[in-house]
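Observations on the three-dimensional arrangement
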Amino acid sequence: MQDKFLHQNTQENIQSDEQDSVKQERAVARLKLMYAINTSDNEAVQSILNQYNNQNEFIDNLNTPLLYSIDLNNLKAIQILLDKQADVFQSNRYGRTAIWDVVRHDRQEVAKLLFDSLSADDLQKAQKITYGPSKDSLMHVAAKYASGEMMQILLKFGFSPNEQNAEGKTPVHCLGYQNDKRKAKVFLRQADKYGIDMTIRDNCGKLPERECFDDVAKMVHRARKNQILKRRKEFLHQRHMDCLEEQKNRRKSRIDSRAQRAYLENVRLQRGNG
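Residues numbered from 1 in each chain as written. Predicted model: local features only at pLDDT ≥ 70, side-chain atom pairs only at ≥ 80, totals over all residues. Heavy atoms only, no water.

**Considerations on the confidence of the model for the chain**
Rules: By definition, pLDDT measures how confident the predictor is in each residue, and it falls between 0 and 100. We call two residues contacting when some pair of their heavy atoms lies within 4.5 Å.
For the chain, per-residue confidence averages 86 on the pLDDT scale, and residues scoring 70 or more make up 92% of the total. When the criterion is pLDDT under 50, residues 4-10 qualifies, and its contacts beyond four places in sequence or with other chains add up to 0 contacts.

**What about the packing of aromatic side chains?**
Cut-off, in case you're wondering: Any Phe, Tyr or Trp ring, taking Trp's six-membered ring, that has another such ring centre within 6.5 Å forms a pair; planes under 30 degrees apart are called stacked, those over 60 apart edge-to-face, and the others tilted. Secondary structure elements follow DSSP: runs of H or I of four or more residues count as helices, runs of E of two or more count as strands, with numbering from the N terminus. Per-residue accessibility, obtained with a 1.4 Å probe over protein chains only, is compared with the maximum for each type, and a residue is labelled buried under 20%, exposed over 50%, and partly exposed between these values.
A full pass over the atoms with the stated rule returns 3 aromatic pairs. Ring plane angle 70° and centroid distance 5.4 Å describe the contact between Y145 and Y177, whose orientation is recorded as edge-to-face. On the criterion of sequence distance, the pair formed by Y145 in helix α8 (residues 138-145) and Y177 in the loop between α9 (148-156) and α10 (181-188) is long-range, its members being 32 residues apart. For Y145, a relative accessible area of 30% corresponds to the partly exposed category.

**Considerations on the nonpolar core**
Side chains that are nonpolar tend, in soluble globular proteins, to be buried together. Our working rule: Only buried residues count toward a nonpolar core. Its members are Ala, Val, Leu, Ile, Met, Phe, Trp, Tyr and Cys residues joined through side-chain atoms within 4.5 Å.
L114, F115 and L175 are the most contacted members of the largest nonpolar core, which totals 60 residues. With residues up to four places along the chain from it excluded, the contact list for L114 reads I70, I78, L82, V88, A98, I99 and V102.

**A few points about a positive patch on the surface**
Definition in use: Within the patch definition used here, like charges are joined within 9 Å and nonpolar side chains (Val, Leu, Ile, Met, Phe, Trp, Tyr) within 5 Å, considering only residues with over 30% relative accessible area and no salt bridge. Residue-level accessible areas treat just the shown protein chains as cover; the underlying method is Shrake-Rupley with a 1.4 Å probe. The working definition used for a salt bridge is a side-chain nitrogen of Lys or Arg within 4 Å of a carboxyl oxygen of Asp or Glu. Counting rule applied: Lys, Arg positive; Asp, Glu negative; His and chain ends not counted. A charge is said to be at NZ when it belongs to Lys, at CZ for Arg, at CG for Asp and at CD for Glu.
A surface patch of positive charge is lined by K181, K185, R189, K218 and R222. At the level of elements, α10 and α12 (214-273) are the ones that each hand at least two residues to the positive patch. By the element assignment, R189 lies in the loop between α10 and α11 (191-194).

**Examining helix α4 (residues 75-83)**
Among all positions of α4, only A77, I78, I80, L81 and L82 are buried. Buried positions along α4 lie against α2 (42-52), α3 (65-72) and α6 (108-117). Just downstream of α4, Q85 is the residue with a positive phi angle, here 65°.

**Focus on the pattern of salt bridges**
Scanning the entire structure with this criterion turns up 16 salt bridges. Between K112 and E109 there is a salt bridge, with its nearest N and O atoms 3.8 Å apart. Here E109 and K112 lie together in helix α6, a separation of 3 residues that amounts to about one turn. A relative accessible area of 35% places K112 in the partly exposed class. Of the charged contacts, one joins K169 and E211 as a salt bridge, the two residues approaching to 3.3 Å between their closest N and O atoms. On the criterion of sequence distance, the pair formed by K169 in the loop between α9 and α10 and E211 in the loop between α11 and α12 is long-range, its members being 42 residues apart. A single salt-bridge network, built from bridges that share partners, covers D71, R96, D101 and R107.

Okay, structure coming up:
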């Protein structure tokens, strides 16, 4: 009985030691990965990831390797991590995710790498995720904190420019957050191409220009007026075309009716002569 107990206890201690050894080895690997990213030793980054497959493990008790690489703007390491299926939706200890971080801090080149690496399903997931109490989409985050070029990148990847947050505000409303004239100009220039709607009101009934100031408010107001005029012109043009089509159909109907009557009259005359 005693021998059996000693044997079982010994086996448990061996397994525990093995587990501790594995944990220690992976901890050392995380430190090596952190150092390799920090020193831009991308061959070492590739080698460590191939050996330990630890692309989604926290490396400094705060960040994932992907977020750490983004903070250092190590584009090569970022690409290696994305090729190893690093999770762009995984958050760090502060709740930051990779896709939020690149938009919030206007990292345009990294944003292109990240969104290019996403599958169609993951891209749809990114488009639907919201952040903070106001339930902002990534387009709202870009409108508040990033540049017009970042907003263009999001538009190219299918993010909606008309998404409303919990307050009913669209990204156009959020242009007033920084009141950046250049950003507003770059974004509003895409109105026709991506269907940006500047007539949407928020939950308080405010139009976008009411949330902006000075030159930006004037730009948004002018763009909204032009959009309304364009829609009215298109509506009148379509109405005119519909009227022309209706007149054409009526004319054709009258011609057909006359032809039918002439045919019937001809048939009646032929029968009478017969």
